[in-house]
Amino acid sequence: GAGVSQSPSNKVTEKGKDVELRCDPISGHTALYWYRQSLGQGLEFLIYFQGNSAPDKSGLPSDRFSAERTGGSVSTLTIQRTQQEDSAVYLCASSSGTSGSYNEQFFGPGTRLTVL
Amino acid sequence: AQSVTQLDSQVPVFEEAPVELRCNYSSSVSVYLFWYVQYPNQGLQLLLKYLSGSTLVKGINGFEAEFNKSQTSFHLRKPSVHISDTAEYFCAVSRPGFKTIFGAGTRLFVKA
């Protein structure tokens, strides 16, 4: 596609359930990022992929959060045993990320997660 | 390690007044600098970027920013704001092969 897409756009779940959020980056982009944006807050970095590997997972809030990327393309962010504090907009971004590039990030529209 | 500081969390301004949103960064090597804008209920989009060359960078919607290496700053300016400029603005820094670091954001309120 022409841009970064994310699904679902909205997700309402009950506390304790697991959720999976999906990100389709721009074709050919090697770098992929996940961020969390809580109401009135800035961008909280979660994890960064370069290809299929994640050199930086430092932002994942707890071991309930995990992410994977397959084929250097689609990524899924999984939150297990969701808690109310997980409610936020989860943003995905991709960039060309090649050496010498300027790493402009292109953002998806986000997934709004509400944990009841 | 790189870091970005946006000095103002909120900036209220009247319509048609000038505005400056401040951003300072720290890095021991050359970096690329960006401003992103997030309009209410929308995703982030690139406003402008500095890669190299001229230190004055012009972006969309009449915004510009000036790279000041000695002061390690990349402040965003607009000479006359509109109600439609109300949004959150994020400064960011990156270099090839490394993740982009975002500032905490500055919420610009334009009042009539």
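Our structure is the block above this text.
Quick summary incoming for the structure in this document. It should be emphasised that the depicted structure is a prediction, and the values quoted were computed from it without experimental measurement. (Residues numbered from 1 in each chain as written. Chains lettered and ligands numbered in written order. Predicted model: local features only at pLDDT ≥ 70, side-chain atom pairs only at ≥ 80, totals over all residues. Heavy atoms only, no water.)

1. Overview of the nonpolar core
Core analysis: the largest hydrophobic core is formed by 28 residues, its most contacted members being Trp35, Leu76 and Tyr89 of chain B. Excluding residues that lie within four positions of it along the chain, tyrosine 89 of chain B makes contacts with Gln6, Leu21, Trp35, Tyr36, Val37, Leu47, Phe63, Leu76, Gly105, Thr106 and Leu108 of chain B. In terms of nonpolar packing, the next biggest core, distinct from the first, is built from 19 residues, Leu21, Leu32, Trp34 and Leu77 of chain A among them. (Core = buried A, V, L, I, M, F, W, Y, C linked by side-chain atoms within 4.5 Å. Buried < 20%, exposed > 50% of the residue type's maximum accessible area, 1.4 Å probe, protein only. Contact = heavy atoms within 4.5 Å.)

2. Regarding the pairing of strand E5 (residues 44-50) of chain A
Residues and elements named next belong to chain A. The buried fraction of E5 is high, at five of seven residues. Relative to strand E6 (residues 53-56), E5 runs antiparallel, the two being bridged by two bridges. By the bridge assignment for E6, glutamine 50 is matched with serine 53. The turn linking E5 back onto E6 is made up of two residues, and glycine 51 within it adopts a positive phi angle of 65 degrees. (Helix = DSSP H or I, 4+ residues; strand = E, 2+ residues; numbered from the N terminus. Pairing = 2+ DSSP bridges.)

3. Things to note about the interface of chain A and chain B
At the interface, 21 residues of chain A touch 21 residues of chain B. Buried surface at the junction of chain A and chain B, both sides included, amounts to about 1,600 Å², of which 54% is carbon and sulfur. Across the contact surface, chain A and chain B share zero salt bridges. Taken together, the links from chain A to chain B amount to two residue pairs in polar contact (both at pLDDT 80 or more). Residue assignment for the side of chain A that touches chain B shows that the elements contributing at least two residues are strand E4 (31-37) and E5 of chain A. Here the side of chain A that touches chain B takes three residues from E4 of chain A, the largest share from any one element. (Buried area = accessible area lost by both parts, 1.4 Å probe. Salt bridge = Lys/Arg side-chain N within 4 Å of Asp/Glu carboxyl O. Polar contact = N/O pair within 3.5 Å; in protein donor to acceptor, adjacent residues only side chain to side chain.)

These figures capture arrangement, not role.
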